[in-house]
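Working through the structure, step by step
Next come the chains, spelled out residue by residue.
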Amino acid sequence: MTEHLSLSGVSHGYGDRQLLDAVSLVITAGEHVAVVGENGAGKSTLLRIMAGLETPNEGTAVSHGRVGYLAQTHGLPESFTVGAAIDASLASLRAIEAELDRLEAGLADAEAEELEAYGRLQTEYQLREGYAAESRVEAALDRLGLGGLDRNRMLGSLSGGEQERVALACVLADPADILLLDEPTNHLDARGTAWLEDRLAAHRGSVVVVSHDRVLLRKVATTVIEVDAERRSVTRYGNGYEGYLREKAAERQRWVQQYQAWLDAMEAEQRQAATVAGKMGYARQRDGDKMGFDFKAGTWQKAASSKVRNAQERLRRLEDSPVDRPPVPLRLAAELGVEPAGPDASVKVLDARGVAIPGRLDPTDFHAEAGEKILITGPNGAGKSTLLSVLAGTLEPAEGTVTRPARIGYLQQELELPRRPGLRLLPAFAAGLGGNIDEHAEALLRLGLFRTSEFHVPVGGLSAGQQRRLALARLLLGGYGTLIVDEPTNHLAPVLVEQLEEALAGFAGTLVMVSHDRALREWFASCARKSDKARTDDAGRWVKYSMENGSLLPGSRLQRGVL
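Just so you know, these numbers come straight off a predicted model, no measurement behind them.

Cut-off values and rules
Residues numbered from 1 in each chain as written. Predicted model: local features only at pLDDT ≥ 70, side-chain atom pairs only at ≥ 80, totals over all residues. Heavy atoms only, no water. Helix = DSSP H or I, 4+ residues; strand = E, 2+ residues; numbered from the N terminus. Contact = heavy atoms within 4.5 Å. Areas by Shrake-Rupley, 256 points an atom, 1.4 Å probe, with all protein chains shown as cover. Buried < 20%, exposed > 50% of the residue type's maximum accessible area, 1.4 Å probe, protein only. Axes fitted to C-alpha atoms, helices over the stretch in contact; angles between N-to-C directions. Left-handed = near helix turned anticlockwise from the far one by under 90°. Nonpolar A, V, L, I, M, F, W, Y, C, P; charged D, E, K, R; others polar. Polar contact = N/O pair within 3.5 Å; in protein donor to acceptor, adjacent residues only side chain to side chain. Pairing = 2+ DSSP bridges. Salt bridge = Lys/Arg side-chain N within 4 Å of Asp/Glu carboxyl O. Phe/Tyr/Trp six-rings, centres within 6.5 Å; stacked < 30°, edge-to-face > 60°. Lys NZ or Arg CZ within 6 Å of the ring centre and 35° of its normal. Parallel < 35°, antiparallel > 145°, perpendicular 65-115°, else oblique. pLDDT = per-residue confidence, 0-100. Arc of directions from axis to C-beta.

Quick word on the overall build of the protein
- Tallying secondary structure elements over the protein gives 16 helices and 19 strands in all.
- For the protein, long-range pairs separated by at least 24 residues make up 70% of all intrachain contacts whose partners lie at least 6 apart in sequence.
- Summed over all atoms, the accessible surface of the protein reaches about 27600 Å², with 50% contributed by carbon and sulfur.

Right, here's the structure in full:
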């Protein structure tokens, strides 16, 4: 059996919202596949159907082999301890161990069937490297920044990111034949992401991963599957992520050319029919020969009528075989050109002195000047998100003081559950912004993160990526002079990430950002180098800080290299 996953005629949706329509797909053994597409297109739904967690409305989904699945939000009970979660992930290996122990006790008097069963189980246990399962768990926890984590800790006592990393370690403790991973790098630092890339690249089975991480997509994926929100279909692309980008660009160019050619042909036939029809009845000027004139005019009008009919027939055929208009891709059209506050370029917009949170943040001084761009990096658990929450004013420090502007735009790392899940998207976006709903609809459309068809979707029914886009839209259209953003690329499609970078590059206000996204950090370093060349007297324009063990290390101007 070479195929590991197959979908046949799968159609699925929620309510009146159709996501997949007659989708057929085969993923072969050992294939490493990236699933891409706009937020809300149905990528997570596709993975759940592959995992057998959702039954499609129509069609069938069949898997051959063990399936390991990681959701965007882990779904483990918060009442579980870390140890219980790990034990649950190793349950099938534990069952094989118990059966091997039982059979070993009676090997001396075993029947042929029992000996055969023992040999089969022992082979499976060895192929799954069952003897190394415990060490794999420890190694995974360590590489994911959870080394030494007390297994008696309740999952509910861990942060959201820590819970996600425990779930990932559990999935990789006993690697399945088929790994289905939904945004596995969202809560990983650079060390953890590099380790995960190596693990996935070396996996002998099939890997299907939904990810916004452009570096991971380039390193791991041999095949790309795009979920098309407009057509409710999936399309396979070979030659890895770079091949997908090339093929996608060429495909869209061909589509645009075909659509334009169809429009031109329609216009030409309409023009010809109108021109000929307009001349009908206007024959040559009478020259005194009434019989000759009538004969010639009649002949001309017959020919003209034939031309009109032919043009109308060609027009009908064009209308019967239309070329669909290429969908306008979601875009980010944010105008963030906020002027720095005050004429003094050295004015401190954010000023924290001796702020501390016991066990999370050591006494820390931090300041950001008007127009300054600051990137904070560091391993998981270093205190980055805690510091940002203190700066934004959503977390009160146990000691120390913070001076901040009256209005700050703050994008948190963790997605908050909607307080009113039944509220529609457009009213949720407009909440607390003032003005009328039509103005907000126009502003949201102009930004380009959502289409009109999505305005009436309840926020409780939005995907994680769509909820992230909603929070981002409120941030970008808030008119803030100071932005604090924590992992802004989480859950966003790669094309939107690149456009977000472009928008932030043109932001004249103050930016404080935390990110593990390696491509975004490369972009930040590139902006820093450009700033160095353009503003030699502006030494503090682009600054990187690192955090370790709750302490903020001295910042440095970025001049060369990759962060």
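Here we look at the environment of valine 355
- Looking at the secondary structure, you find valine 355 in strand 10 (residues 348-357).
- Under the relative-accessibility criterion, valine 355 is labelled buried at 0%.
- On a C-alpha basis, the gap between valine 355 and phenylalanine 366 in space is 8.8 Å, while along the polypeptide they are 11 residues apart.
- Discounting residues that sit within four places of it in the chain, valine 355 has contacts with Leu361, Asp362, Pro363, Thr364, Val390, Pro397, Glu399, Gly400, Thr401 and Val402.

What to know about the packing of helix 3 (residues 91-105) against helix 4 (residues 112-127)
- Here helix 3 crosses helix 4 at 145°, and the two axes come no closer than 10 Å. As for how helix 3 packs across helix 4, the hand of that crossing is left-handed. From helix 3, Leu93, Ile96, Glu97, Glu99, Leu100, Leu103 and Glu104 reach across to helix 4, where they touch Glu114, Ala117, Tyr118, Leu121, Gln122, Glu124 and Tyr125.
- Each residue belonging to the contact of helix 3 with helix 4 can be placed in one class, and the counts come to eight nonpolar, one polar and five charged.

A few points about the side chain of arginine 518
- Along the polypeptide, arginine 518 turns up in helix 16 (residues 518-534).
- We classify arginine 518 as buried; its relative accessible area is 14%.
- At 2.5 Å, the side chain of arginine 518 forms a polar contact with the side chain of glutamate 197.
- If sequence neighbours within four positions are ignored, arginine 518 has contacts with Thr193, Glu197, Asp213, Val215, Leu216 and Lys219.

Some words on the sheet that holds strand 6 (residues 178-182)
- Across the sheet, which stays open at both edges, the six strands sit in the order 5-6-7-3-8-9 with mixed pairing between neighbours. Looking along the sheet, the strands with just one partner apiece sit at the ends: strand 5 (67-70) and strand 9 (233-237). Each adjacent strand pair in this sheet contributes to an overall mean axis angle of 15°, direction not counted.
- Alignment of strand 8 (residues 223-228) against strand 9, held across five bridges, turns out to be antiparallel. Across the sheet, the residue bridging to glutamate 226 is threonine 235, located in strand 9.

Let's talk about the pattern of salt bridges
- Within this structure, the stated rule accounts for 29 salt bridges.
- A salt bridge links aspartate 174 to arginine 66, with the shortest nitrogen-to-oxygen separation between them at 3.4 Å. Of the two residues, aspartate 174 is situated in the loop between helix 6 (160-173) and strand 6 and arginine 66 in the loop between strand 4 (58-63) and strand 5; the sequence distance between them amounts to 108 residues.
- Taking relative accessible area as the criterion, arginine 66 reaches 25% and is therefore assigned partly exposed.
- One salt bridge connects glutamate 442 with arginine 446, and the closest N-O pair in it is separated by 3.9 Å. Separated by four residues within a single helix, glutamate 442 and arginine 446 lie in helix 13 (residues 437-447), roughly one turn from each other.
- Glutamate 442 sits in the exposed class, given a relative accessible area of 52%.
- By relative accessible area, which is 48% here, arginine 446 ends up partly exposed.
- Residues joined by salt bridges that share partners form a network here, namely Asp87, Arg94, Glu134, Glu138 and Arg151.

Points about unusual backbone geometry
- Notably, glutamate 129 is not glycine yet its phi reads approximately 50°, a positive angle.
- Tracing the chain through its elements places glutamate 129 in the loop between helix 4 and helix 5 (133-143).

Details of the packing of aromatic side chains
- Overall, the coordinates contain eight aromatic pairs when judged by the stated rule.
- For the pair tyrosine 125 and tyrosine 131, a centre-to-centre distance of 4.6 Å together with 90° between the ring planes defines the contact as edge-to-face.
- By relative accessible area, which is 62% here, tyrosine 131 ends up exposed.
- Grouping aromatic residues by their ring pairs yields a cluster made of Tyr237, Tyr241 and Tyr244.
- Lying over the aromatic face of phenylalanine 450, arginine 469 brings its terminal NZ or CZ to 4.5 Å of the ring centre.

A closer look at the packing of helix 5 against helix 7 (residues 190-202)
- Running from N to C, helix 5 and helix 7 point in directions that differ by 140°, and their axes come no closer than 9 Å. Between helix 5 and helix 7, the angle falls in the class oblique. Contacts from Arg136, Ala140, Asp142 and Arg143 in helix 5 reach Arg191, Gly192, Trp195 and Arg199 in helix 7.

Some thoughts on the side chain of threonine 386
- If you trace the backbone, threonine 386 turns up in helix 11 (residues 384-392).
- Take threonine 386: its relative accessible area is 8%, and that puts it in the buried class.
- Setting aside its immediate chain neighbours within four residues, threonine 386 contacts Ile357, Arg360, Leu361 and Leu395.

As for the confidence of the model for the protein
- Here the protein averages 83 in pLDDT, while 88% of its residues score no lower than 70.
- Summarising per-element confidence for the protein, the mean pLDDT is lowest in strand 19 (residues 556-557) (44) and highest in strand 7 (residues 206-210) (95).
- In the model, residues 341-345 has pLDDT below 50 throughout and makes four contacts with residues more than four positions away in sequence or in other chains.
- pLDDT under 50 marks residues 556-563. Its contacts with residues more than four places away, or in other chains, come to 28 contacts.

Quick notes on the pairing of strand 12 (residues 373-377)
- Strand 12 sits mainly inside the fold: five of its five residues count as buried.
- On strand 12, burial covers both faces: Lys373, Leu375 and Thr377 on one face and Ile374 and Ile376 on the other are all buried.
- Direction of pairing for strand 12 relative to strand 16 (residues 510-514): parallel, over a ladder of four bridges. Residue pairing for strand 16: leucine 375 is matched across the bridge by methionine 513.
- The pairing of strand 12 with strand 17 (residues 542-548) spans five bridges and is parallel.

Overview of helix 2 (residues 82-89)
- Within helix 2, the full set of buried residues consists of Val82, Gly83, Ala85 and Ile86. Around the axis of helix 2, the buried residues are gathered within 160° of arc, so they sit on the same side.
- Looking at the buried residues of helix 2, the elements they touch are helix 5 and helix 6.

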